[in-house]
Amino acid sequence: MHHDKQTLRKISSQFRIPGRFLDAAPYGTGHINDTYATRWLADGHEELFIVQRINPNVFKQPEWLMENIERVTRHLQQKLAQLPGADPSREALTVIPTHQGTSSFRDESGHYWRTYVFIRQSRSYDTCINLNHAYESARMFGRFQLLLTDLPGPRLHDTIPHFHHTGRRLAALEQAIQNDPMNRAATSQKEIAFSLARRSIGDVITRLLESGSMPERITHNDTKINNVMIDETSGNGVCVIDLDTVMPGSVLYDFGDMVRSTTRTAVEDEQDLNKVTMDISIFDALARGYLDTAGAFLHPVEREHLAFSGILITFNIGIRFLTDYLMGDVYFKVHRPGHNLDRARVQFAMIEQMERQEKEITRVIARYA
Ligand code: ADP
Ligand code: GN1
Ligand code: MG
C-alpha cells in the first residue's frame, strides 16, 4: 500500500522529529511493511527519518512487537557504548517516540506506525555483491546475536508464533492445496510435489529446541541479506535492521536464512532458473563471518547443525511462498502475477543446489566451526 504525502505529513507530525517536514517517498524492497524515507529541514540541515506502517495482516500485536524492539535497541545501544570504536547511534536502530512518549502511533483506522533514525551513508542490497559483503553481513548478524545473549528478562514476546515451525508450515500448505481457493494448484503441480517429497526436512530443529537439547536464544529470524545496512565507502557492515521478528528462537534459523539469501547468485524471484546457483565461495565467507562473532557463544549442537540449516530455512520459506501463491497472495507483497510462485521456484532450485553441494558445505563448516 502507498500513502500520499499529506497522510505521511500528518502521521510523521505525531513523532518527535525535529524540523520541518519536506516530503516522503516509498523506500526499500521489503515484502512486509510500508516503508517511507521522510525528509526534514532542521537548522538549515536536511535530515532523513524512516517512517513505517506495521503490516496489520502479519503482526497481530503491534504493541508487543514495539515493546520487544524498544528493549532490544536499548540493550544494543548500551552494549555498543562499551565496545571500543563502536558508534551506538549508527550501529543500532533508534526508535523516535511520539509526542506522548510511546514508541508507535495508532492512526484513525487502527494501524500502527513507527519512526526510526535513518542510517546515513549506507544501503542494503537484495543480492550479495561480493565476498566481503557476505562476510560483513554474517559478522553483523552474529554480533547481533552475541550482543543479545545477556538481554535481561523477561522472555521476549513471540511476535509471530511458530514462525519457523516447518511442520506447521507444511500443514498450512496441505490445507491450501486441499482448499485451493484460487484454483492455482493445477498451475503448481511440480512445486507441490517437490514440497511433499521433502517433508522429512521437517522439524529437526524444532524437536531439538522442544526437547531442550538445543538452547533457545534471542534471534533475529529474518536475516535476509537486505536486512543489514552496509557502509557506502568502506563496505563494512553498519547495522542490523528489520527487528519485527526478533524473538526467542534458534541461531540456526538465522544462519539458515543468511545462507538462503546470500549464497544465491540470482535475485529471489528470478524467472530464469538456470541463473540460480549456490556459490560455495560466498558460503565460505558467510560461515567465516558468522563464526567470527557468534563462534564466541555457540553450543556444540548448534555448530553440528549449521551445515543443514540452509536447506531447512530455504524449504520453510519456499513452502511459505508456495502457500501464499495458492491462497491468493495474502501475505507477501507481490508486483506481478505468479510472483510468489516464481519466488517458491527459486527456493526449490536453491535446495537442489545445496543438496548437490552438501559435501562442500560440510567441509567449509568443519573448517571454521
Ligand atoms: P520490511 O519488513 O518490509 O522488509 P524493513 O524494516 O526491512 O521492512 O525496511 C525496508 C527497507 O527500508 C530496508 O531493506 C532498508 O533498505 C530500508 N530501511 C529500513 N530501516 C532503515 C533505516 N533505519 N535506515 C535506512 N534505511 C532503512
Ligand atoms: C519477509 O520483511 P522482509 O521482506 O525482510 C518475511 C521473511 C521472509 C522474506 C522472504 C515477517 O522478509 O520471513 O523470509 O520476506 N518476513 C516476515 O524474502 O514474514
Ligand atoms: Mg526487511
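See above for the structure.
This one's a predicted model, so the numbers in the text were calculated from it and none came from an experiment.

Colleague: Any chance you could explain the overall build of the protein here in plain terms?
Modeller: The helix and strand tally for the protein stands at 13 helices and eleven strands. Expressed as lengths along the three principal axes of its C-alpha atoms, the size of the protein is roughly 60 × 50 × 40 Å. In the protein, buried positions account for 55% of the 369 residues. A separation of at least 24 residues holds for 74% of the contacts in the protein among residues at least 6 apart in sequence. As displayed, the protein offers around 16200 Å² of accessible surface, 50% of which is attributable to carbon and sulfur atoms. Between the centroid of the 42 positive side chains of the protein and the centroid of its 46 negative side chains there is a distance of 1 Å.

Colleague: What's the story with the site of ligand 2 in this structure? I'm lost.
Modeller: Close to ligand 2 lie 17 residues; His31, Lys224, Glu268, Arg320 and Tyr331 are nearest. Between ligand 2 and the protein, one listed contact pairs an oxygen atom with a side-chain N or O atom of Glu268 at 2.6 Å. Burial of ligand 2 by the protein chains amounts to 98% of its free accessible area of 440 Å². Residue contributions to the shell around ligand 2 peak at three residues, all from helix H11 (residues 306–327).

Colleague: Explanation requested: the nonpolar core in the structure shown.
Modeller: Taken as a class, soluble globular proteins show a tendency for nonpolar side chains to be buried jointly. Of all hydrophobic cores here, the largest spans 97 residues; its most connected members are Phe255 and Tyr290. When residues of this core are assigned to their parent elements, the largest contribution, eleven residues, is made by H11. Not counting residues up to four positions away in its chain, the partners in contact with Phe255 are Phe283, Leu286, Ala287, Tyr290, Leu306, Ser309 and Ile365. Core analysis: the second largest hydrophobic core is formed by 13 residues, Phe15, Trp40, Ile96 and Trp113 among them.

Colleague: Whenever I open this one, the coordination of the magnesium ion (ligand 3) confuses me. Can you help?
Modeller: Looking at the magnesium ion (ligand 3), the protein donor atoms are Asn227 (OD1) and Asp242 (OD), and they sit 2.2 to 2.3 Å from it. Here Asn227 is found in the loop between strand S8 (217–219) and strand S9 (228–231), whereas its partner Asp242 is found in the loop between strand S10 (237–240) and strand S11 (247–249), with 15 residues between them in sequence. On the accessibility criterion, Asn227 (5% relative accessible area) is buried.

Colleague: Mind showing me how you'd approach the sheet that holds S10 here?
Modeller: Hydrogen bonds between backbone atoms are what pair the strands of a sheet, whose relative direction is either parallel or antiparallel. In spatial order, the strands read S7-S9-S10; together these three strands make up an open sheet with antiparallel pairing. Lying at the two open borders of the sheet, with one neighbouring strand each, are strand S7 (122–123) and S10. Here two bridges tie S7 to S9, and the two strands are oriented antiparallel to one another. Paired with Ser122 across the strands is Asp231, a residue of S9. Strands S9 and S10 of the sheet are contacted by helix H4 (residues 131–147), whose axis makes an angle of about 45° with S10.

Colleague: Sorry if this is basic, but what is going on with the pairing of strand S6 (residues 112–117) here?
Modeller: With five of six residues buried, S6 lies mostly within the body of the structure. Relative to S6, strand S3 (residues 45–53) runs antiparallel, the two being bridged by five bridges. Residue pairing across strands places Val51 opposite Thr115, the latter belonging to S6. By the bridge criterion, two bridges tie strand S4 (residues 95–96) to S6 in an arrangement that is antiparallel. The residue of S6 that forms the bridge with Val95 is Tyr116. As paired strands, strand S5 (residues 105–106) and S6 are joined by two bridges and run antiparallel to one another. Across the sheet, residue Phe105 finds its bridge partner in S6, namely Trp113.

Colleague: Sorry, what's going on with the packing of helix H2 (residues 62–82) against H4 here?
Modeller: Packed helices, taken two at a time, are described by their axes: the angle between them and the distance between them. Between H2 and H4, the shortest axis-to-axis distance is 10 Å and the interhelical angle comes to 95°. By the criterion of interaxial angle, the relationship of H2 to H4 is roughly perpendicular. On H4, the residues touching Val72, His75, Leu76, Lys79 and Leu80 of H2 are Arg143, Phe144 and Leu147. Here the contact of H2 with H4 is built from residues that sort into five nonpolar, one polar and two charged.

Colleague: So what exactly am I meant to see when it comes to the state of the cysteines here?
Modeller: Disulfides are covalent bonds that link the sulfur atoms of two cysteine residues. Enumeration over the complete set of coordinates arrives at zero disulfides. Lacking any disulfide linkage, Cys128 is separated from the closest cysteine sulfur, that of Cys239, by 19 Å. Taking the relative accessible area as the measure of exposure, Cys239 reaches 0% and is therefore buried.

Colleague: Just checking my understanding: could you explain the packing of aromatic side chains for this structure?
Modeller: What describes a pair of aromatic rings is the distance from one ring centre to the other and the angle between the planes of the rings. Counted by the stated rule, this structure contains eight aromatic pairs. Taking 6.1 Å as the distance between ring centres and 65° as the angle between the ring planes, the aromatic pair formed by Phe255 and Phe283 counts as edge-to-face. Taken together, the residues span a long stretch of sequence, with Phe255 in helix H8 (residues 251–262) and Phe283 in helix H9 (residues 280–294) at a distance of 28 residues. Comparing Phe255 with Phe283 shows no difference in burial state: the two are buried. Note on Tyr331 and Phe332: the rings are 4.8 Å apart at their centroids and 70° apart in plane angle, and the pair reads as edge-to-face.

Colleague: It is not clear to me how the site of ligand 1 should be interpreted in this structure. Could you clarify?
Modeller: Taken together, 20 residues form the shell around ligand 1, and within it Asn33, Gln52, Val117, Ile119 and Asp242 come nearest. In the environment of ligand 1, an oxygen atom lies 3.1 Å from a nitrogen or oxygen atom belonging to the side chain of Asn227. Burial of ligand 1 by the protein chains amounts to 96% of its free accessible area of 550 Å². At the level of elements, S3 and S6 are the ones that each hand at least two residues to the shell around ligand 1. Of the residues assigned to the shell around ligand 1, the class counts are ten nonpolar, nine polar and one charged.

What counts and how
- Residues numbered from 1 in each chain as written.
- Chains lettered and ligands numbered in written order.
- Predicted model: local features only at pLDDT ≥ 70, side-chain atom pairs only at ≥ 80, totals over all residues.
- Heavy atoms only, no water.
- Helix = DSSP H or I, 4+ residues; strand = E, 2+ residues; numbered from the N terminus.
- Buried < 20%, exposed > 50% of the residue type's maximum accessible area, 1.4 Å probe, protein only.
- Contact = heavy atoms within 4.5 Å.
- Areas by Shrake-Rupley, 256 points an atom, 1.4 Å probe, with all protein chains shown as cover.
- Lys, Arg positive; Asp, Glu negative; His and termini not counted.
- Charge placed at Lys NZ, Arg CZ, Asp CG, Glu CD.
- Near = heavy atom within 4 Å.
- Polar contact = N/O pair within 3.5 Å; in protein donor to acceptor, adjacent residues only side chain to side chain.
- Core = buried A, V, L, I, M, F, W, Y, C linked by side-chain atoms within 4.5 Å.
- Donors = N, O, S within 2.8 Å, 3.2 Å for Na, K, Ca; no water.
- Pairing = 2+ DSSP bridges.
- Axes fitted to C-alpha atoms, helices over the stretch in contact; angles between N-to-C directions.
- Parallel < 35°, antiparallel > 145°, perpendicular 65-115°, else oblique.
- Nonpolar A, V, L, I, M, F, W, Y, C, P; charged D, E, K, R; others polar.
- Disulfide = S-S within 2.5 Å.
- Phe/Tyr/Trp six-rings, centres within 6.5 Å; stacked < 30°, edge-to-face > 60°.

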